[in-house]
Amino acid sequence: MNTETITAKVKETITTTRISGSEAVVRSLIAEGVDILYGYPGGAIMPVYDELYKFQDEIQHVLTRHEQGATHSAQGYARISGKVGVAIATSGPGATNLITGIADAQIDSTPMVCITGQVGSHLLGTDAFQETDVISISTPVTKWNHQITKASEIPEVLAKAFYIAKSGRPGPVLIDITKDAQFEELDFTYKKCESIRSYKPVPETSNESLYAAAKLINEAKKPLVVWGQGVILGAAETEFKAVIEKAGLPSAWTILGASAIETNHPLNVGMVGMHGNYAPNVLTNECDLLIAIGMRFDDRVTGNLETYAKQAKVVHFEIDPAEVDKNVKTDVAVLGNSKETLKALLPLLNKNRHEEWHQKFKDLYKIELEKVINNDLYPVKEGLTMGEVVKEINKQSGGKAAIVSDVGQHQMIACRYAEFNETKSNITSGGLGTMGFALPAAIGAKMAAPNREVVAIIGDGGYQMTIQELGTIFQTKVPVKIVVLNNDFLGMVRQWQQLFFDKRYASTEIQNPDFVAIAKGYSINAKKVTKREELAAAVEEMMQCKEAYFLEVSVEKEANVFPMIPTGASVSDIRLS
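Residues numbered from 1 in each chain as written. Predicted model: local features only at pLDDT ≥ 70, side-chain atom pairs only at ≥ 80, totals over all residues. Heavy atoms only, no water.

Trainee: Let's hear about the overall build of the protein chain: which residues, and what values?
Mentor: Secondary structure summary: the protein chain contains 24 helices and 20 strands in total. The C-alpha radius of gyration of the protein chain comes to 24 Å, within 12% of the 25 Å expected for a compact globule of 577 residues. Looking at the protein chain as a whole, 59% of its 577 residues qualify as buried. Partitioning the intrachain contacts of the protein chain with sequence separation of at least 6 by distance along the chain shows that 76% fall at a separation of at least 24. Just so you have it, the protein chain exposes about 23,200 Å², and 49% of that area is on carbon and sulfur atoms. (Helix = DSSP H or I, 4+ residues; strand = E, 2+ residues; numbered from the N terminus. Rg over C-alpha atoms; globule rule 2.2 N^0.38 Å. Buried < 20%, exposed > 50% of the residue type's maximum accessible area, 1.4 Å probe, protein only. Contact = heavy atoms within 4.5 Å. Areas by Shrake-Rupley, 256 points an atom, 1.4 Å probe, with all protein chains shown as cover.)

Here it is in structure tokens:
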């Protein structure tokens, strides 16, 4: 029986000949539609890799240079495609190296299945070579995990893993498989999981909550929407736009919600949070109704909870009941998938424009434009700013590029100034704030969306945390664009040290290597820009290049990102300088 016939039978969920557990793993992945997975081989997972070799025409394995890189690549793949990302590693250090990416996926609601090899079941608990209790280690940062010790468990457990990872509020799942289970044989049948008793991924939406929410929206004089990634994860972009346009609702976004509607949409009033825009932050404490859609009121958005929107009634559209009333007390909670709840809400809303309220946002934007934005995008000083680099990328890409940013000052600048004209265009580490995220995540994003331009914007510090993934680019030839904004500092920490620790720059100045030489060592096109007059041509050359490209831009060493809400302060205490 050839591979093509086997694959067809797997997809039809027909019982085939007796096979090994390791082959069952690969055929289960194929049945779930997995076309790419990221990983690193080792002894405890070697039987699965042997089967991947046999099925390489059906499923592509990408050898990352570190297991953390595998998880971030799987995250990038998932975030831009909406599919489940898959990472695979061996036991012990291979498994523990996955944990950072798993934790990142958990807090950012990214669907991912991680498969780890494990020592033989007879060795469990003996401190065998490369044994770690990855189930206990990963329990706090997974949506679900499970250890397989019998080959017969593999099809059903993997089917459940994919269902749990992608259903409801998505998240990461880890499946640990002992080596003897990989060798053991079973009669293979695969059936996709469609439900699990006692697990209800999407809560029922009550009509009463929809009517109550619509009543508050229709009566509000100063409403403000804050939307998060739940709009994108729920594929609710169309419904969301219809709701805010009908009711004339000024709408602000969290960093993971960016790109659900285009940047220049007239109702898009900017980003909320610590380095968000001035108007939506200040007016959060002036609105009479706060409408939260698919967001979780994390501390970087709310600032001091004791002073957050206390004058407003709160309506929360949310798929995860655990997030309701967790941080901010709501008046009306509308549970359910955002696509369905917003669709049901639309006919209940009155048409409105709120022109006077909108003017307040415009007036405050003018203040931010004069005091912050113009200095970032149109500087008169000699040194290059991060903002003008992002502005040039916007110009050369037409605002259609998917921007994958790392963590730090450059991340906030990218989120503030990148133009997002297509959904799923802002891929970044939100809740965990993982330095090193962007380079491998950009690899996964580009592989998932080969027809989209993918640009990784990274700081010089975070870049070196996963710089080894240049080797993955070298081997796969994935044509990702890499921009390192180099200020020779761990910039965000340095900014805090300047503002709150009397400029004691403790361990934040960083001596960097020759990044261009390193990129060229991996046969990646590379250039460094140090002067403003060089920038446009270099960005144009990068964007027109059909291969991978690395661009280093030397930016101001001690520039700060404003606006800024100091830790513990109210959102209305946002600083412009």
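Trainee: Which residues make up the sheet that holds strand β9 (residues 223-227), and what are the values?
Mentor: Judged by pairing direction, the sheet is parallel, and its six strands sit side by side in the order β11-β10-β9-β12-β13-β14 without closing on themselves. At either margin of the open sheet sits one strand with a lone partner, and together these are β11 (268-271) and β14 (332-335). The sheet shows a mean angle of 20 degrees between the axes of neighbouring strands, direction not considered. For strand β13 (residues 313-318) and β14, the ladder comprises four bridges, and the chain directions are parallel. Residue pairing for β14: His 316 is matched across the bridge by Ala 333. Contacts between helix α12 (residues 237-247) and the sheet are confined to β9, β10 (251-253) and β12 (289-293), with β9 contributing the most and set at about 170 degrees to the helix. On top of the sheet, helix α15 (residues 338-345) reaches β12, β13 and β14; it is set at about 130 degrees to β13, its chief contact. (Pairing = 2+ DSSP bridges. Axes fitted to C-alpha atoms, helices over the stretch in contact; angles between N-to-C directions.)

Trainee: Explain the environment of Val 334 residue by residue, including any values.
Mentor: Looking at the secondary structure, you find Val 334 in strand β14. Considering only alpha carbons, one finds Val 334 and Glu 204, 130 residues apart in sequence, at a separation of 9.3 Å. Residues within four places of Val 334 in sequence aside, it is in contact with Thr 205, Ser 209, Leu 210, Ala 213, Val 315, His 316, Phe 317, Glu 318 and Thr 341.

Trainee: Residues and numbers for the packing of aromatic side chains, please.
Mentor: Applying the stated criterion across every chain yields a total of eleven aromatic pairs. Ring geometry for Phe 297 versus Tyr 308: centroids 6.0 Å apart, planes at 75 degrees, classification edge-to-face. A residue pair is termed long-range when its members are at least 10 positions apart, and Phe 297 in the loop between β12 and α14 (299-302) and Tyr 308 in the loop between α14 and β13 qualify at eleven residues. Here Phe 297 falls in the buried class, since its relative accessible area comes to 2%. Through a chain of ring-to-ring contacts, three or more aromatic side chains come together here, namely Tyr 463, Phe 515 and Phe 550. Sitting above the plane of the Phe 489 ring, Arg 494 keeps its charged end 5.8 Å from the centroid. (Phe/Tyr/Trp six-rings, centres within 6.5 Å; stacked < 30°, edge-to-face > 60°. Lys NZ or Arg CZ within 6 Å of the ring centre and 35° of its normal.)

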